[in-house]
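The primary structure of each chain is shown beneath.
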Amino acid sequence: MRAYTAFFGFKFEPFERAVNLDLFYLSEQHKNALAMLETFLTSEGSLALLLGESGVGKSLTIKKFLSQLPSGVCYTYINLPNFTEGDLLKKLLADFVDAPINDDHPREQFARFLAQIDRGALIIAVDGAHTLSSQSLLTLLALKENGVKIILSGLASLRERVELQGAIDAEFEIPTLSFASCKEYLSYRVKQAGSTLELPNPLAKQIWLVSKGNPLIINALMKRLFAAAFLDNSLSLKERYFTRAALSLNLAGKVERKNP
């Protein structure tokens, strides 16, 4: 735990990078993304894409969706799948099959498993799917024919790769936060961590402008901002602390330097 958490009365780090559903701020766009996935679950479709730039909350959205699945639905979550085709199938076997893995014939073993389950009762969610090799992507997409529901999350460039291989049944691209959503995001995270601290509106505007509404950058700025205030023994979040935070993250070109 960082030293400033106790200083500001936080129960935990409010702007941690780790995926924490307790800190998941459901903006209108994230609600729409969840609604898309929930509709996809009960549809006849077999492939859904969740797109967006790094840091907009794709991982949190998928984790939230998976945490709400009804009993009887099996799933696996794979993050940044830098796998060969064989390694990918072995990963799926390890997650789903309660039997020794046949290293020489993983495809056949997985096919036998698929033949024994109900169609639509299996979900494979791949986060960072734009990192998949071409062969691994083809292997995943081929599973659609077995009634497996596949969710691929990644950068917008993933769409073109998938479109070359067939139809996309559902898709949503999460944008960065608007200024109004950014203010709510900041307030929500601080309150979830147990504090009543309010950020001045001009400071929230600066954070939004410099981060361009990207939650990952917002988190990094806020951690540095709190650290700067703590080192100055100040419970007040002043503009000069924001400036120090922005400069420390090499965002100097995006902020007017005042009283660093």
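Residues numbered from 1 in each chain as written. Predicted model: local features only at pLDDT ≥ 70, side-chain atom pairs only at ≥ 80, totals over all residues. Heavy atoms only, no water.

Participant: Talk me through the nonpolar core; I want residue IDs and the actual numbers.
Facilitator: Considering soluble globular proteins, one finds that nonpolar side chains tend to be buried as a cluster. Grouped together as the largest cluster of nonpolar side chains are 30 residues, with contacts concentrated most on Leu186, Ile207, Met222, Leu225 and Phe226. Only helix 8 (179–192), helix 9 (201–211), helix 10 (215–231) and helix 11 (239–248) provide two or more residues apiece to this core. Sequence-distant contacts of leucine 186, defined by excluding residues within four places in its chain, comprise Phe15, Leu199, Ala204, Ile207, Ile218 and Met222. Core analysis: the second largest hydrophobic core is formed by 27 residues, Leu93, Phe113, Leu114 and Val126 among them. (Core = buried A, V, L, I, M, F, W, Y, C linked by side-chain atoms within 4.5 Å. Buried < 20%, exposed > 50% of the residue type's maximum accessible area, 1.4 Å probe, protein only. Helix = DSSP H or I, 4+ residues; strand = E, 2+ residues; numbered from the N terminus. Contact = heavy atoms within 4.5 Å.)

Participant: Go over the pattern of salt bridges, please, and point to the residues and values.
Facilitator: Two side chains bearing opposite charge may form a pair once their charged atoms approach each other closely. Applying the stated criterion across every chain yields a total of five salt bridges. Note that glutamate 173 is salt-bridged to arginine 159, the shortest N-O span being 3.2 Å. You can see glutamate 173 sitting in strand 5 (residues 170–173) and its partner arginine 159 sitting in helix 7 (residues 157–163), a full 14 residues away along the chain. The exposure class of glutamate 173 is partly exposed, given its relative accessible area of 40%. Across the pair aspartate 232 and arginine 240 runs a salt bridge whose closest N-O atoms are separated by 3.4 Å. Using a relative accessible area of 28% as the deciding quantity, one classes arginine 240 as partly exposed. (Salt bridge = Lys/Arg side-chain N within 4 Å of Asp/Glu carboxyl O.)

Participant: Pulling in residues and values, what's your account of helix 9?
Facilitator: Of all the positions in helix 9, only Leu203, Ala204, Gln206, Ile207, Val210 and Ser211 are classed as buried. The buried residues of helix 9 occupy an angular sector of 160 degrees when the element is viewed end-on, so they sit on one face. Looking at the packing, one finds that the buried side of helix 9 touches helix 8, helix 10 and helix 11. Once helix 9 ends, the next one or two residues include lysine 212, with phi positive near 55 degrees. (Arc of directions from axis to C-beta.)

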